[in-house]
Every structure is written in C-alpha cells, then in structure tokens.
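Observations on the model geometry
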Amino acid sequence: MINYISKDLHEISIMTDNSDLKFCVHCGAELDDGAMFCKSCGAQVERFDAPVTMNPYASMKENSMNNRLKVIGICCIVYAVLAIIGGIVFLVSIDSLMEQVITDPSWPETAQQLIDMGVVTDLAGAESFMRDVFTYMGYFGVIIGIITIIPAYSCFTKKAYIPGLVGMVISTALSAASVIGLIIGVVFVVLYCSCSDAFKKQTF
C-alpha cells in the first residue's frame, strides 16, 4: 500500500516539476500532450498544479511592516502639515507678535537682559533680535514640514528608503529642542529601519 502511494506521489511530482514528461498516475504509461485519457489503461488523465503557498510567518511579518509604515506615514503627514502651518502663521503674524512683545510690561526688563548679555547694544537692537527670532521660527517650521514629507512619501510608496531615512533623521535632529519631539523621532526612526525589507529595490 505504501509503495503504491509512494509511486503515485513520485509520478505526480514528475508531472508537476517537468512539463516535458507526463505519465499516467494509474499505470505509469507516458501520456501524449493534451491527452484526456491514458492510451494504455484508458483512465482519465488527472492534472495537478503545484500549490503556491506563502510562509505564514513571512506573510504576518510583511503585514506588520506595512501597518507600521502606514502609521509612520500618517504621523509624518500630520507632523508636516502642522509644522508648515505653524511656520506660515509665524511668518504672517510677525508684526502682531512683535506688538504683543513690545507692549508686554516685562519687555523692558527682557530687553535689558539681552543688552546685559551682549546680544544687542540697545532697545532697537533688542526689538530687531526678537523679530529675527520669530522669522527664524517661521522658516524653521516650514523647512521641517517639507523635510518630513520625504519619509511620508517613502512609507506610502515603499520607495526611496535611503532618502526617507535621511529625511526622518534630519527632522528628528531639528526637533531635538523638544525632548518629547526627540524621543518620538528616535522611535519612528527605529520603526522605519525595522521595515527596510518592505521597500522595493529601486531607490527612487
């Protein structure tokens, strides 16, 4: 009984692995191409297609990486939009921000501290310094937002892995002024690197 099963499996393997050799699974006779019945025993020809299966672990790993990249991509988009909007708001609101600073009761003391530290030499210089700070913050936000779009693109398309990684590292470094921003950035960089297998071969 075992020998017959072994023989049948061997014949099925021959049919599956070698398209040039086809044999009857009942009597072992060679079959003509396209034959519906065996010319030797008359049995109906049974055709077998080798099943293509994916390793369940590999499938789960791929799904996990895709989900992680999707979350990272969404977070990058949200962060980029907020950074760009915040930067633009700073740039268009510099005059009103300066008015708030100058009219604040603590401004003379703050200006004097800047003069004492040697940052500026007079009150006008202190006002110019604060205006430059607001301008810098505005452009800083816009730049961070634009840079963060790169890893978002990489996460959603699974392309440009290296540019995406560089963009994420730069964005994290620029966000290092905030401890929370730095921690979140480092976590995202680590998660991004753990999904490197999900990216396609091409760089762009």
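Here is a short report on the structure shown in this document. (Residues numbered from 1 in each chain as written. Predicted model: local features only at pLDDT ≥ 70, side-chain atom pairs only at ≥ 80, totals over all residues. Heavy atoms only, no water.)

Some points on the nonpolar core
Across soluble globular proteins, nonpolar side chains show a tendency to be buried alongside one another. What counts is decided by this rule: Buried Ala, Val, Leu, Ile, Met, Phe, Trp, Tyr and Cys residues that are joined via side-chain atoms within 4.5 Å together make up what is termed a nonpolar core. Think of it in three bands: with a 1.4 Å probe and only protein chains considered, a residue is buried below 20% of the maximum accessible area for its type, exposed above 50%, and partly exposed in between. Each helix corresponds to a stretch of at least 4 residues labelled H or I by DSSP, and each strand to a stretch of at least 2 residues labelled E; elements are numbered beginning at the N terminus. In what follows, a contact means two residues having at least one pair of non-hydrogen atoms within 4.5 Å.
Counting residues in hydrophobic clusters, the biggest one holds 15 residues, and the most contacted among them are L69, I72, M168 and Y192. Per element, the largest residue contribution to this core is four residues, and it comes from helix α2 (residues 56-92). Setting aside anything within four residues of it in sequence, one finds M168 in contact with I72, C76, P151, F188, V189 and Y192.

Side note on the pattern of salt bridges
Heads up, the rule is: Put simply, a salt bridge is a Lys or Arg side-chain nitrogen that is within 4 Å of an Asp or Glu carboxyl oxygen.
All chains considered together, the criterion is met by two salt bridges. Two residues, D197 and K61, come together in a salt bridge whose shortest N-O distance is 3.6 Å. Taken as a pair, D197 in the segment after α7 (179-193) and K61 in helix α2 lie far apart in primary sequence, 136 residues in all. Among the residues examined, D197 registers a relative accessible area of 57% and is labelled exposed. For K61, a relative accessible area of 36% corresponds to the partly exposed category.

Considerations on the packing of helix α3 (residues 94-103) against helix α5 (residues 123-157)
Here is the rule: Fitted lines through C-alpha atoms serve as axes, helices being fitted only where they are in contact, and the angles separating the N-to-C directions of these axes extend from 0 to 180 degrees. In this scheme, roughly parallel covers angles under 35 degrees and roughly antiparallel covers those over 145, while 65 to 115 is roughly perpendicular and the rest are oblique. Each helix crossing is assigned a hand: it is left-handed if the near helix lies turned anticlockwise from the far helix by less than a right angle, otherwise right-handed if that turn is clockwise.
Between α3 and α5, the least distance of the axes is 10 Å, while the angle of their chain directions is 135°. Regarding the angle of α3 to α5, the classification is oblique. Considering the relative orientation of α3 and α5, their crossing is right-handed. Contact with α3, carried on its side by I94, D95, L97, M98, V101 and I102, involves E127, M130, R131, F134 and T135 of α5 and no other residues of that element.

Re the layout of surface pockets
Applicable threshold: Throughout, the protein atoms alone are placed on a 1 Å grid, and a set of points is a cavity if a 1.4 Å probe fits but cannot get out or a pocket if it is open with protein on both sides within 12 Å along at least five of seven lines; lining residues have an atom within 4 Å of a point. Grid points are joined across faces, edges and corners, and a volume is the space filled by probe spheres set on the points. Throughout this entry, Asp, Glu, Lys and Arg are counted as charged residues, while Ala, Val, Leu, Ile, Met, Phe, Trp, Tyr, Cys and Pro are counted as nonpolar. The remaining residues, Gly among them, count as polar.
Considering only enclosed or pocket space, the largest pocket measures out at about 380 Å³ in volume. Lining the largest pocket are 18 residues, and of these Y79, S171, S175, G181 and G185 sit closest to its centre. Sorting the residues of the lining of the largest pocket by element identifies α2, α5, α6 (161-174) and α7 as the ones contributing at least two each. Grouping the amino acids of the lining of the largest pocket by side-chain chemistry returns eleven nonpolar, seven polar and no charged.

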